[in-house]
Amino acid sequence: METSVTSRWQLWVEFAVLYLGIPVLMLIYLGQYSLFTTVWLLAALSIFLLWRTPGFQISVLWKGFRWRELWILVAFSLATVVCTFSTVLLVVPERFLELPLNRTRLWMMIMLLYPILSAWPQEIIFRTLFFERYGVLFPSPAVLIAVNAFAFGFGHLFFQNPITIIMTGAAGAVMGWAYYRTQSLWLAWALHSIGGMIVFTSGLGIFFYHGAIGATP
């Protein structure tokens, strides 16, 4: 996408509002809005902005990924299991596997709904919109992916928890790299969904849901 000086400034303003301003506002006005409603409204805004992006094809939202890229899912899943399970055992060992063992119905509901209600809209905001509309603002793939990871972690600022922010930032780096490599929203969504499901299964979900805002290890 070719951009003029004026349009680049417009993109920078949009970027700052979406990925810096809104997370700060969400922190300031915590408790005065519905988190899921906010995320879906931002996803709807993202689709509108994508529609306004020159050269963007809406079919990108449905682009799948190839079987030979399944290794990314497997490697990410294994790394997430090791990271989350280790963190739970070190920080909150009493929560280890709490949901699947003691609150099985709630755990099953989270496994079913998390990918749709949370992971999908977030990936539209933080991957498709970020890379397809604002990717031109950054000088190299490495910088682009690093900024995407930062934005994803910063987007969870309202949790006020270093574990949540650091882990989402690290996961965001993998999801951003995967999206840049494949341009597949489905792959990024699968990574996000699997990561979230592992987090809630392990017991670390205590730091990753709206009722845990402000929780400290």
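Every value quoted in this text rests on a predicted model; they were computed, and no experiment measured them. (Residues numbered from 1 in each chain as written. Predicted model: local features only at pLDDT ≥ 70, side-chain atom pairs only at ≥ 80, totals over all residues. Heavy atoms only, no water.)

(A) A look at the layout of surface pockets. Of the volumes computed, that of the largest pocket is approximately 1200 Å³. Surrounding the largest pocket, 49 residues form its lining, Tyr 114, Ser 118, Phe 200, Phe 208 and Tyr 209 being those nearest its centre. Only helix H1 (5-28), helix H2 (35-51), helix H3 (70-91), helix H4 (98-102), helix H5 (104-134), helix H7 (162-182) and helix H8 (185-202) provide two or more residues apiece to the lining of the largest pocket. At ten residues, H5 tops the list of elements feeding residues into the lining of the largest pocket. A breakdown of the residues in the lining of the largest pocket according to their chemical character gives 33 nonpolar, 13 polar and three charged. (1 Å grid on protein atoms, 1.4 Å probe; cavity = no way out; pocket = protein on both sides within 12 Å on 5 of 7 lines; lining within 4 Å. Points joined across faces, edges and corners; volume = space filled by probe spheres on them. Helix = DSSP H or I, 4+ residues; strand = E, 2+ residues; numbered from the N terminus. Nonpolar A, V, L, I, M, F, W, Y, C, P; charged D, E, K, R; others polar.)

(B) How the structure looks around the nonpolar core. Leu 18, Tyr 19, Phe 130, Tyr 134, Leu 191 and Leu 204 are the most contacted members of the largest nonpolar core, which has 58 residues in total. If you list the elements that add at least two residues to this core, you get H1, H2, H3, H5, helix H6 (141-154), H7 and H8. The greatest single-element share of this core, amounting to twelve residues, is contributed by H5. Those residues in contact with Leu 18 that sit more than four places away from it in its chain are Pro 23, Leu 42, Leu 45, Leu 49, Leu 129 and Tyr 134. (Core = buried A, V, L, I, M, F, W, Y, C linked by side-chain atoms within 4.5 Å. Buried < 20%, exposed > 50% of the residue type's maximum accessible area, 1.4 Å probe, protein only. Contact = heavy atoms within 4.5 Å.)

(C) The arrangement of the side chain of Thr 84 in detail. Among the secondary structure elements, Thr 84 is positioned in helix H3. On the accessibility criterion, Thr 84 (1% relative accessible area) is buried. A polar side-chain atom of Thr 84 sits 3.5 Å from the main-chain carbonyl oxygen of Val 81. If sequence neighbours within four positions are ignored, Thr 84 has contacts with Met 167, Ile 198, Val 199, Ser 202 and Leu 204. (Polar contact = N/O pair within 3.5 Å; in protein donor to acceptor, adjacent residues only side chain to side chain.)

(D) Highlighting the side chain of Arg 133. Inspection of the secondary structure puts Arg 133 in helix H5. Look at Arg 133 and you get buried, because its relative accessible area is 6%.

(E) Examining the environment of Pro 100 more closely. By secondary structure assignment, the location of Pro 100 is in helix H4. With 60 residues separating them in the primary sequence, Pro 100 and Trp 40 have C-alpha atoms 28 Å apart. Beyond its immediate sequence surroundings of up to four residues, Pro 100 is in contact with Trp 107 and Thr 201.

(F) Inspection of a nonpolar patch on the surface at higher detail. Together, Phe 36, Trp 40, Met 109, Leu 112, Leu 113, Ile 116 and Leu 117 line one region of the surface with nonpolar side chains, adding up to about 690 Å² of accessible area. Elements supplying a minimum of two residues to the nonpolar patch: H2 and H5. Examining the composition of the nonpolar patch, we find that five residues originate from one element, H5, more than from any other. Along the chain, Phe 36 falls in helix H2. (Patch = residues over 30% accessible without salt bridge, like charges linked within 9 Å, V, L, I, M, F, W, Y side chains within 5 Å. Areas by Shrake-Rupley, 256 points an atom, 1.4 Å probe, with all protein chains shown as cover. Salt bridge = Lys/Arg side-chain N within 4 Å of Asp/Glu carboxyl O.)

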